There are 2 protein chains.
Amino acid sequence: MAAEIDLDRTDFAILRLLMKDAWLSNKQIAAAVGLAPSSCHERIKSLRARGVLLGAHAEVNLQAIGFALEAVLFVQLGKLEIEVVDNFVSATAAVPEVRGVFLVSGRADLVVDVVVHDMEHLKAIISQHFNRHAVVQRVETSVVFNRKQQYGMPLASSDM
Amino acid sequence: MAAEIDLDRTDFAILRLLMKDAWLSNKQIAAAVGLAPSSCHERIKSLRARGVLLGAHAEVNLQAIGFALEAVLFVQLGKLEIEVVDNFVSATAAVPEVRGVFLVSGRADLVVDVVVHDMEHLKAIISQHFNRHAVVQRVETSVVFNRKQQYGMPLASSDM
DNA sequence: ATTGAAAGACCTTGGCG
DNA sequence: CGCCAAGGTCTTTCAAT
């Protein structure tokens, strides 16, 4: 499982560019990595076919459209039967307000990132999707004051 | 601050589509929302100009290219002078292995999501970028067993 | 793997309802 | 605000290397 796919520095350069800006044109990327547009196009197709490039997503300013409150939930679950847990993870990830779910080791079992309109909305989400479930033992809620997201390659350019 | 921008259902539909797949062509989006391509194009330009659409980023299968280990760090900081804290947040977000940083209320002050090659790499990151800093009092590390990310609009389609 | 060329599709703007 | 039309640009394929 998790077959290792090896990429050369050009592939990494393409991925790095697309992670920063998925709206770059093929022509722009080709120029940046020093390839002809057709070669670059082939590389990108190959990266997609090999399951390295999974897709692209718009980054939206959710604050600007009324989602003024963000929170991180630390969820403790009961008896950890893997199937039940995975189902709950999937169900949680399917909640529109949920941005990400992490099943983790340690004090909390789940770390959940949610975006909501206001406190009442947050209360509704927690009560509806967490406190209601038998598998959930406890939810600790942290308000997010500030957040920064990184869209680059987890590898300094100097490393390749 | 955080001026409220109001969008109609068509704007939401466009955003919803682009959040799921930023590589949809303007023509495809126009067809999906029932507009002429030129009208749709104008809407998207406007969304960008108003700061709602911030950009787009490729989703890359990091597991497939050798980043086999993901962790969440819960960081406790010392005396919380806002300027020092914000600087540390920015510095942390600039570390290539860091995917996201959340400054939160509650037990932990920072929640940090990192992606690394292996345990040694994780150790290096923590020791280099966290334990070394005077502002950091304690780091609790949780391994990520499973994760799901949500790229949709935090709002069910039926709500609009 | 990479390239150049060609055809077709798309983006983008401007003028008009 | 939305639509049509036109020009210019880009994507996409393919034969050749």
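In every chain, residue numbers begin from 1 and rise along the written sequence. Chains carry letters from A onward and ligands carry numbers from 1 onward, assigned in written order. With the structure being a predicted model, the display of local features is reserved for residues of pLDDT at least 70 and the display and counting of side-chain atom pairs for 80 or more, all residues being used for whole-chain, interface and lining totals. The side-chain numbers reported here are obtained from all heavy atoms of the structure, hydrogens and water having been left aside.

- Under an unreviewed UniProt entry, chain A has the name Lrp/AsnC family transcriptional regulator and belongs to Dyella caseinilytica.

### Observations concerning the overall build of chain A
Here is step 1 of the chain: Numbered from the N terminus, helices here are DSSP runs of H or I no shorter than four residues, and strands are runs of E no shorter than two. Per the secondary structure count, chain A includes five helices and five strands.
Here is step 2 of the chain: Scanning chain A from its N terminus toward the C terminus, one meets helices and strands in the order α-α-α-β-β-α-β-β-α-β.
Here is step 3 of the chain: Note that the radius of gyration is over C-alpha atoms, with the globule rule given as 2.2 Å times the number of residues to the power 0.38. Relative to the 2.2 N^0.38 estimate, which gives 15 Å for 160 residues, the radius of gyration of chain A is 20 Å and therefore markedly larger than a compact globule would have.
Here is step 4 of the chain: With the C-alpha coordinates of chain A rotated into their principal frame, the extents come out at 55 × 40 × 25 Å.
Here is step 5 of the chain: Only protein chains enter the accessibility calculation, which uses a 1.4 Å probe; a residue whose area is less than 20% of its type maximum is buried, one above 50% is exposed, and one in between is partly exposed. Within chain A, buried positions represent 46% of all 160 residues.
Here is step 6 of the chain: Restricting to contacts in chain A with at least 6 residues of sequence separation, those with at least 24 account for 65%.
Here is step 7 of the chain: If you sum the accessible surface of chain A, you get close to 8,000 Å²; carbon and sulfur atoms cover 52% of it.
Here is step 8 of the chain: For chain A, the separation between the mean place of its 16 positive charges and that of its 18 negative charges on side chains is 4 Å. Residues count as neighbours in contact if any of their non-hydrogen atoms are within 4.5 Å of one another. What sets the accessible areas is the Shrake-Rupley method with a 1.4 Å probe; for residues, cover comes only from the shown protein chains. Neither His nor the chain ends is counted toward charge; the positive residues are Lys and Arg and the negative residues Asp and Glu. Charged groups are reduced to one reference atom each: NZ for lysine, CZ for arginine, CG for aspartic acid, CD for glutamic acid.

### Concerning the domain arrangement of chain A
Here is step 1 of the chain: Its domain assignment divides chain A into domain 1 (9-58) and domain 2 (62-144).
Here is step 2 of the chain: The domain limits used here are those given by an automatic or database domain assignment. Taken over C-alpha atoms, the centre of domain 1 of chain A sits 34 Å from the centre of domain 2 of chain A.

### Looking at the packing of aromatic side chains
Here is step 1 of the chain: Any two rings among Phe, Tyr and Trp, with Trp reduced to its six-membered ring, count as a pair given centres within 6.5 Å; such a pair is stacked if its planes are under 30 degrees apart, edge-to-face if over 60, and tilted if neither. All chains considered together, the criterion is met by three aromatic pairs over all chains.
Here is step 2 of the chain: For the ring pair A:F74 and B:F74, a centre distance of 5.6 Å and an interplane angle of 65° mean the geometry is edge-to-face. Remark: B:F74 occurs in strand β2 (residues 69-77) and A:F74 occurs in strand β2 (residues 69-77); the pair is interchain, linking two chains. The exposure classification of A:F74 matches that of B:F74, with both residues buried.
Here is step 3 of the chain: Summarising the aromatic geometry, the rings of B:F88 and B:F130 are spaced 6.0 Å apart at their centres and angled 80° between planes, so their arrangement reads as edge-to-face. Of this pair, B:F88 sits in helix α4 (residues 82-93) while B:F130 sits in helix α5 (residues 119-131), placing them 42 residues apart in sequence. Like B:F130, B:F88 is buried.

### Quick word on empty space enclosed by the protein
Here is step 1 of the chain: Buried and open spaces are told apart on a 1 Å grid over the protein atoms alone, a cavity being a set of points where a 1.4 Å probe fits but cannot get out and a pocket being an open set with protein on both sides within 12 Å along at least five of seven lines. Residues with an atom within 4 Å of a point are the lining residues. Grid points are joined across faces, edges and corners, and a volume is the space filled by probe spheres set on the points. Here the structure, examined in full by the defined rule, presents two cavities of 30 Å³ or more.
Here is step 2 of the chain: In terms of lining, the largest cavity is formed by 16 residues, of which the most central are A:F74, A:R107, B:F74, B:R107 and B:E140.
Here is step 3 of the chain: Secondary-structure elements contributing two or more residues to the lining of the largest cavity are β2 of chain A together with β2 and β5 (136-149) of chain B.
Here is step 4 of the chain: Ranked by residues supplied to the lining of the largest cavity, first place goes to β5(B) with four residues.
Here is step 5 of the chain: Amino acids outside the nonpolar list (Ala, Val, Leu, Ile, Met, Phe, Trp, Tyr, Cys, Pro) and the charged list (Asp, Glu, Lys, Arg) are all regarded as polar, and Gly is one of them. Residue composition of the lining of the largest cavity, by class: six nonpolar, five polar and five charged.
Here is step 6 of the chain: One number sums up the size of the second largest cavity: a volume of about 70 Å³.

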